[in-house]
Amino acid sequence: MRGRGVTADTAGLTGDETGRIREQRGWYFYDFACSVYSTSVVTVFLGPYLTSVAKAAADADGFVHPLGIPVRAGSVFAYSVSVSIVLAVLLMPLAGAAADRTGRKKPLLAVAAYVGAGATAGMFFLDGDRYVLGVVLLIVANASLSVSMALYNAYLPQIATPEERDAVSSRGWAFGYTSGAFVLVLNLILYTGHESFGVSESMAVRICLASAGVWWGAFTLVPLSRLRDRRVVRDAGKAGEGSVGTGWRQLMATLRDMRRHPLTLSFLLAYLIYNDGVQTVISQASIYGSEELGLDQTTLITAVLLVQILAVVGALGMGRLARTHGAKRTILASLAVWTAILGAGYFLPAGAPVWFFALAAAIGMVLGGSQALSRSLFSHLVPRGKEAEYFAAYEMSDRGLSWLGPLVFGLAYQVTGSYRDAILSLVVFFVIGFALLARVPVRRAVAEAGNPVPERI
């Protein structure tokens, strides 16, 4: 096993409390910056809009033919999400290895963030039947987001003590959902009143898409100004190992190292499966609402806005529950709620926005908390000095194999022509994820990773 670098700080934390809090506040703002993309672009506008653009390019049977492959227009968005995640899998190990070996996460975070923000801003030019442009921009933006989140999450063990991490992670998600809700209100005003603003409906959507990229780029300046890189001390003779060319060798070394921590791997497997379901629900909810339930765009925006508002409450509330009951038990409870939500979603009547709003409220209460607590729980399982590499593996679990859910969703629709069948197939991700997580002894996993065990976990 090759030697690894360690941070100059013994615990990887900023030495004084004031400096640590300053970094934490700056760290929150990357969630604030990029969550608008996840909300306005992926969850609300791009799915239905890209589907309509693909339909405009489709043949008489409803198929488009990228690279000569027949694809039902309604599956283009789901397949594009899958491809973007596969690309992210190829890039994240390189970024994670380079970050840990050089100690320079911040420049890599900046590159990933601004490539993603630029691709999102470019969605302003998506119109007519230019679905291929939309596919390319979505793939670039989604892959960039995944890489940037791996680097961003790797800061958590370095800016928060073990006792602080549940709260800090939850606040980050709350910041993200707050920004998503605020921008979504602006989107709703523009979209519903587009005629009074003198723009077409299509133009209003394109402005909403592009503005998410501008927002992402602008607020990324805050974490870049406050987060600091840690000096790395490497073993003699290892000076050249931070290069991109060693990224895949480092990934294999990281995976070998993770075999020494089988309980960490067990958590990642559980997270991979249940989070696949979460990510697919997030990315495909608008298509399900518009295509299967016949709901208009205003209803969908309002529902997602409701999710954003309640997700802030849910993230903070589940953070409090974790302090009493532990993160693991709180996550397990949220997975049970997710399973019930999908079961109810299958039976939702078409054209009934009230029931859709009720389901959106339930999603909001568990969405932010289940993600925030999973991130903070994993931070306890990371060996010190391996933060970026292990969080690259985490992000591959978070997004890297989340291509499977959208792929299954898209295939189910392609075969059956029913989004209800597609949504029902996602239940298995939560059931299996629950069973696997329940078997992980997290206190022992933290101890075996060489970290202090919190009183509640």
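A. The arrangement of the overall build of the protein chain in detail. What the protein chain contains, in helices and strands, is 18 helices and four strands. Every one of the 457 residues in the protein chain was classed for burial, and the buried ones make up 60%. Long-range contacts, defined as pairs at least 24 residues apart, comprise 85% of the intrachain contacts of the protein chain with a sequence gap of at least 6. Summed over all atoms, the accessible surface of the protein chain reaches about 17100 Å², with 65% contributed by carbon and sulfur.

B. A look at the environment of G345. Along the chain, the position of G345 falls in helix 12 (residues 327–346). Put simply, G345 and R420 are 75 residues apart on the chain and 8.1 Å apart in space, counted from C-alpha to C-alpha. Among all residues touching G345, those that are not within four sequence positions of it are Y288, L359 and R420.

C. View of helix 3 (residues 105–121). Given a rise of 1.5 Å per residue, 17 residues ought to cover 24 Å, and the 24 Å separating the end C-alpha atoms of helix 3 matches this to within 8%. When we look at burial in helix 3, the residues that qualify are K105, L109, A110, A112, A113, G116, A117, A119 and T120.

D. Quick look at the environment of A141. For A141, the position within the fold is in helix 4 (residues 131–153). By relative accessible area, A141 is classed as buried at 0%. Expressed as a C-alpha distance, the spacing of A141 and V115, which sit 26 residues apart in the sequence, is 7.1 Å.

E. Inspection of the packing of helix 1 (residues 17–57) against helix 10 (residues 262–292) at higher detail. Two numbers describe how helix 1 lies on helix 10: the axes approach to 7 Å, and their chain directions differ by 55°. What the angle tells us is that helix 1 and helix 10 run oblique. Judged by the sense of rotation from one axis to the other, the crossing of helix 1 with helix 10 is right-handed. Residues V42, T43, V44, G47, P48, T51 and K55 of helix 1 form the contact with helix 10, whose participating residues are I282, S283, S286, I287, S290 and E291.

About the thresholds
What you see as residue numbers is a count from 1 along each chain, following the sequence as written. Only residues with pLDDT of at least 70 get local features here, since the model is predicted, and only at 80 or more are side-chain atom pairs given and counted; chain-wide, interface and lining totals rely on the full set of residues. The basis for every side-chain value is the complete set of heavy atoms in the structure, and neither hydrogens nor water enter the calculation. In this description a helix means any DSSP run of H or I spanning at least four residues, a strand means any run of E spanning at least two, and both kinds are numbered starting from the N terminus. We call a residue buried when its accessible area falls under 20% of the maximum for its residue type, exposed when it is over 50%, and partly exposed in between, using a 1.4 Å probe and counting protein chains only. Note on definitions: a residue-residue contact is assigned when non-hydrogen atoms from the two residues lie within 4.5 Å. Accessible surface is estimated by sampling points in the Shrake-Rupley manner with a 1.4 Å probe; for residues, cover comes only from the protein chains shown. Each helix should span, by expectation, one fewer than its residue count multiplied by 1.5 Å. Lines fitted to C-alpha atoms define the axes here, with helix axes fitted over just the stretch in contact, and angles between the N-to-C directions of these axes take values from 0 to 180 degrees. Should an angle lie under 35 degrees it is considered roughly parallel, over 145 roughly antiparallel, and from 65 to 115 roughly perpendicular; all remaining angles are considered oblique. Left-handed describes a crossing in which the near helix is turned anticlockwise from the far one by less than a right angle; the clockwise case is right-handed.

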